[in-house]
Amino acid sequence: MESSGLLEAFLALRAALHRYLSLQGASPDEAEDILQEAGVKLAEKSLSSIENPRAYLYRMVHNLFVLHRRTASRRTRRDEAWAGVHSGDPPEMDETPSAETGLIAREQLAILQSAISALPERTRTIFRRFRLDGVPQRQIAAELGISLSAVEKHLAKAYEAIAVRRRKIDGAAWGARHLMSKEGRHGQ
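Residues numbered from 1 in each chain as written. Predicted model: local features only at pLDDT ≥ 70, side-chain atom pairs only at ≥ 80, totals over all residues. Heavy atoms only, no water.

A. Region of interest: the packing of aromatic side chains. By the definition in use, this model includes two aromatic pairs. Taken together, a centroid distance of 5.3 Å and an interplanar angle of 80 degrees make the contact between Tyr20 and Tyr58 edge-to-face. With a gap of 38 residues between them, Tyr20 in helix α1 (residues 3-24) and Tyr58 in helix α3 (residues 53-85) connect regions that are remote in the sequence. Look at Phe127 and Tyr159: their rings are 6.0 Å apart centre to centre, the planes differ by 80 degrees, and that puts the pair in the edge-to-face class. Taken together, the positions of Phe127 in helix α5 (residues 121-132) and Tyr159 in helix α7 (residues 148-177) put the pair 32 residues apart, joining distant regions of the chain. (Phe/Tyr/Trp six-rings, centres within 6.5 Å; stacked < 30°, edge-to-face > 60°. Helix = DSSP H or I, 4+ residues; strand = E, 2+ residues; numbered from the N terminus.)

Below is the structure:
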């Protein structure tokens, strides 16, 4: 029997093979995956002279099921091992940030503080009350005797000042990492 005949036999037996996999313990999705893989393998191979195509197909599907389960088991063991290594609180793990991480954090904090310090006093006060103290915008508006819209505008101004400062820093870091200027990259 040629490959196309074997593929035809597979298509005729597909429902029975699906039931077989279900009886073996495969979930419906798992059975579909295995049958799809079997169909692809049959379409790719050129087999000849299979005496008992039914037995061949059942054996093939069974082997794919066993392989699928072994792979899933290995994946689970690997994931559990990874989770075991990367979770919990191992005593040898030092949780203090590295010197580089600490330096970067201090630099970013200084940038943020300088951006906030450069804001007008009322904007600075509103920003600190909202972001640091966690006071609702309505309460800030009531305390300062201004509208909620004015509080939102002050916050927008503060966020924009911080964003501008960050873009300057990020742009300088980006430019230092790349040899060509923006004009050079575009051929201008």
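B. Representation of the nonpolar core in the model. By size, the foremost hydrophobic cluster in this structure holds 20 residues, and its most contacted members are Phe10, Leu17, Leu21, Leu57 and Val61. Of all the secondary structure elements, the ones that give two or more residues to this core are α1, α2 (28-44) and α3. The dominant element in this core, judged by the number of residues it contributes, is α1, at seven residues. In this structure Leu17 touches Phe10, Leu35, Leu57, Tyr58 and Val61, once residues within four positions along its chain are discounted. (Core = buried A, V, L, I, M, F, W, Y, C linked by side-chain atoms within 4.5 Å. Buried < 20%, exposed > 50% of the residue type's maximum accessible area, 1.4 Å probe, protein only. Contact = heavy atoms within 4.5 Å.)

C. Seen up close, the pattern of salt bridges. Counted according to the given criterion, the structure contains six salt bridges. One salt bridge in this structure joins Arg69 and Glu30, with 2.8 Å as the shortest N-O distance. Residue Arg69 is found in helix α3, and its partner Glu30 is found in helix α2; the two are separated by 39 residues along the sequence. For the salt bridge of Asp79 with Arg78, the shortest nitrogen-to-oxygen distance reads 3.9 Å. Residue classification places Arg78 among the exposed positions, given a relative accessible area of 53%. In the salt-bridge network here, residues are joined through shared partners; they are Arg129, Asp133 and Glu143. (Salt bridge = Lys/Arg side-chain N within 4 Å of Asp/Glu carboxyl O.)

D. Fine view of the confidence of the model for the protein chain. For the protein chain, the mean per-residue pLDDT works out to 83, and 82% of the residues sit at or above 70. Within the protein chain, helix α8 (residues 182-185) has the poorest average pLDDT of any element, 44, and helix α6 (residues 137-144) the best, 94. The low-confidence segment residues 174-188, where pLDDT is below 50, has four contacts with residues more than four positions distant or belonging to other chains. (pLDDT = per-residue confidence, 0-100.)

E. Spatial organisation of the side chain of Thr123. Structurally, the position occupied by Thr123 is in helix α5. Note on Thr123: relative accessible area 0%, which makes it buried. Discounting chain neighbours no more than four positions away, the residues touching Thr123 are His154, Lys157 and Ala158.

F. Local environment of the environment of Lys41. Residue position: Lys41 is located in helix α2. Considering only alpha carbons, one finds Lys41 and Met60, 19 residues apart in sequence, at a separation of 9.8 Å. With residues near it in sequence (within four places) discarded, Lys41 still touches Met60 and Leu64.

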